[in-house]
Amino acid sequence: MENFLLLIREDVKKESLVSEEEFDANIQKMTKWVEELAESGNYISGEPLKTTGRYVGKDYILSDGPFIEAKEAISGYIFIQAENINQAAAIAQNCPEVLDGRVVIEVRPIIEIDND
Amino acid sequence: MIDTSEQVQQKVNHLYKSHYGKMVSSLLYFSQSIDLESAEDLVQDAFTAALLHWREDGIPSNPAGWIFKVCRNKALNKIKQGEKVRGFFENEDFDGIETKFSESPIDDQQLKLLFACAQPDFSPKVQVVITLKYVVNLKVEAIAKILAMSIDGVDKLLLRARQKIRDEKILFTEPDIFFLKYRIPIVHKIIYLIFNEGYKSSWGKEIIREELCEDALLMNKALLESGIGNKETAALHAMMLFNAARFKARFGSEGELLDLEQQDRSLWNRELILYASKFMSDSQGGPISSYHYEAAIAYLHCMAKDFRSTDWISISKLYHQLLENSPNPFVEMNYAIALYYSGQKQKSLDILHQLQQKPFLNQYYLLNAALGKINLLEGNYSKARTYFTKTLQQTDSQLEKDYVQKLVDGMED
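Residues numbered from 1 in each chain as written. Chains lettered and ligands numbered in written order. Predicted model: local features only at pLDDT ≥ 70, side-chain atom pairs only at ≥ 80, totals over all residues.

**Observations concerning the overall build of chain B**
Then step 1. Across its full length, chain B holds 19 helices and zero strands.
Then step 2. With 413 residues in all, chain B has 38% of them scored as buried.
Then step 3. Of all intrachain contacts in chain B linking residues separated by at least 6 positions in sequence, the fraction that spans at least 24 positions is 61%. (Helix = DSSP H or I, 4+ residues; strand = E, 2+ residues; numbered from the N terminus. Buried ≥ 20, exposed ≤ 12 C-beta atoms within 10 Å, placed from the backbone. Contact = placed C-beta atoms within 7 Å.)

**A closer look at the overall build of chain A**
Then step 1. Each helix and strand in chain A was counted, giving four helices and four strands.
Then step 2. Residues classed as buried in chain A amount to 25% of the 116 residues present.
Then step 3. Restricting to contacts in chain A with at least 6 residues of sequence separation, those with at least 24 account for 74%.

**A closer look at the interface of chain B and chain A**
Then step 1. Contacts between the two partners involve 19 residues from chain B, matched on the other side by 23 residues from chain A.
Then step 2. Contributions of two or more residues to the side of chain B that touches chain A are made by helix 6 (124-134), helix 9 (177-199) and helix 15 (329-341) of chain B.

**Things to note about helix 16 (residues 345-356) of chain B**
All names here are of chain B.
Then step 1. Over its 12 residues, helix 16 extends 17 Å from the first C-alpha to the last, a length consistent with the 16 Å expected when each residue adds 1.5 Å.
Then step 2. Every buried residue of helix 16 is accounted for by S348, L352 and L355. One side of helix 16 holds all its buried residues, which, seen down the axis, span an arc of 60°. Along helix 16, the residues that are exposed and aim more than 90 degrees away from the buried face are Q346 and H353.
Then step 3. If you follow the buried residues of helix 16, they end up packed against helix 15 and helix 17 (365-377). (Expected span 1.5 Å × (residues − 1). Arc of directions from axis to C-beta.)

**So, the packing of helix 18 (residues 381-394) of chain B against helix 19 (residues 398-412) of chain B**
What describes two packed helices is the angle between their axes and the distance between those same axes.
All names here are of chain B.
Then step 1. Their axes nearest at 10 Å, the elements helix 18 and helix 19 cross at an angle of 160°. With respect to helix 19, the axis of helix 18 lies roughly antiparallel. Crossing of helix 18 against helix 19: the hand is left-handed. Packed against helix 18, whose contacting residues are Y381, A384, R385, F388, T391 and L392, the element helix 19 presents K401, V404, L407, V408 and M411 at the interface.
Then step 2. The class makeup of the residues in the contact of helix 18 with helix 19 is eight nonpolar, one polar and two charged. (Axes fitted to C-alpha atoms, helices over the stretch in contact; angles between N-to-C directions. Parallel < 35°, antiparallel > 145°, perpendicular 65-115°, else oblique. Left-handed = near helix turned anticlockwise from the far one by under 90°. Nonpolar A, V, L, I, M, F, W, Y, C, P; charged D, E, K, R; others polar.)

**Concerning the packing of helix 17 of chain B against helix 18 of chain B**
All names here are of chain B.
Then step 1. As a packed pair, helix 17 and helix 18 sit with axes 8 Å apart at the nearest point and diverge in direction by 160°. Overall, the two elements helix 17 and helix 18 adopt an arrangement that is roughly antiparallel. The handedness of the crossing between helix 17 and helix 18 is left-handed. For the pair formed by helix 17 and helix 18, the contact residues are Y365, N368, A369, L371, G372, N375 and L376 on the first element and Y381, K383, A384, Y387, F388, K390, T391 and Q394 on the second.
Then step 2. In terms of residue class, the contact of helix 17 with helix 18 is made up of eight nonpolar, five polar and two charged.

**Notes on helix 11 (residues 231-245) of chain B**
Then step 1. Helix length check: helix 11 of chain B, at 15 residues, gives a terminal C-alpha distance of 21 Å against a target of 21 Å (1.5 Å per residue), a fit within 8%.
Then step 2. Counting buried positions over the 15 residues of helix 11 of chain B gives 13, a clear majority of the element.

**As for the confidence of the model for chain A**
Then step 1. For chain A, the mean per-residue pLDDT works out to 86, and 90% of the residues sit at or above 70.
Then step 2. Taken element by element, chain A is modelled with least confidence in helix 1 (residues 12-15) of chain A, mean pLDDT 75, and with most confidence in strand 4 (residues 103-109) of chain A, mean pLDDT 96. (pLDDT = per-residue confidence, 0-100.)

**Quick notes on the nonpolar core**
Residues and elements named next belong to chain B.
Then step 1. Ranked by size, the top nonpolar core spans 124 residues in total, and within it L27, C71, A238, F242 and A295 carry the most contacts.
Then step 2. At 10 residues, helix 11 tops the list of elements feeding residues into this core.
Then step 3. Sequence-distant contacts of L27, defined by excluding residues within four places in its chain, comprise I34, A39, L42, V43, C71 and A75. (Core = buried A, V, L, I, M, F, W, Y, C linked by C-beta atoms within 7 Å.)

**Considerations on the environment of L6 of chain A**
All names here are of chain A.
Then step 1. Within the fold, L6 resides in strand 1 (residues 2-11).
Then step 2. Since 21 C-beta atoms lie within 10 Å of it, L6 is described here as buried.
Then step 3. Counting along the chain gives 83 residues from L6 to A89, while the straight-line C-alpha distance between them is 8.9 Å.
Then step 4. Setting aside residues no more than four positions away along its own chain, L6 makes contact with Y77, I78, I80, A92, I105 and V107.

Shown next, in the form of structure tokens:
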């Protein structure tokens, strides 16, 4: 099994238009999906992220970052284990938010560092 | 005698249910140049042909054989239309195969197909859906119902799986012996997930759900008997049997949900528990897997005379080890519940409150139900009510709602 980080990107402006009921219904669907992933042994952890934050670099000490301008922002991450990149991608493909077209997910393999 | 249109329809429906998957898998195995999609089309065509011809000529003496021959002829035509003509079916003994079909509900062919479905490139959910469709032989409607998906959702999932099979030229063929071993963990996982789907209480006493558990057991048994299975297969078998032994006691006379404490333990199937113990001892002597821990937990529940005398200390230790093996917040919740009943109340509540902070878990109905129940037992009725109210909002199952509502009503007295 290899580890993967699923970066969830969504349209921030659209997301703010979602009604509270819709929001709750979406969370229920996601919870069910995560429960399934836990059952199949793929789920490790995950957190939602605020879509605003700070951006730091050498020449600009602190700013609200370029991401506030961006249409899409990373709104959460899920850490999973999977057989291979294809399976990780297939898992992400079945995320209810992806199926409904609300988010896109970037699937990134974690580089394993050999300690030997 | 010409059969009535209704009789023909019934016969075809029956055959479709019992033979569809087997015919598709047979076509896949007989010719590598037929992909899954065309195999399905061919079998569909053959059934349509049966419906038309049998209305005119009556149902033949060997209906399954008739449809199978049509499949074969259509497959031969398809192969001839292609550039390469290979005589795939010439030397096959179809009559032998047809009798083999009816002998046993599970045969090597099905086991081979199960291994073919265990594609490491598919997500576990897709593996389960493909297995349910092609190995267990369920219709899309039934799959949608038991996996709480829409029919459209299952269709789309199958369509994407077929596209992937075509685009990436994934061969639905029996893997060689080396590959077979490599796929055993996935095969176990599929069987485990199918059993769990069948076991989930939220659906109530629907026949189809018990059938899923039986299917999982049959597939696992075939795996054990084939000699391909290992110690983990035996542990998985023991775990499923221990749980299946308690099946009958999980619902009351009105079909209502009963928790472990309320269940009439005399309804537990002693013979099945004994039978399961045999597999548990077979499973010893190798590496200890998650299935071993789960089997041991189920065993301890089966051995307890009543709820109170359950060995909660050992059960909580087993959950702890299960967590070390594969950390996951849902198992952690069960660990906390076992800790509560073993007397470690503070540690249990600390874990449950910690889990509440996790983004998905605070929306999880079972976590709120557990917190509700513990507060109820501790006499904190107002807190219990708050958690139960959340639970009621978070589950769609009427059976579960009724169960929680009963607990809430009980507090009023």
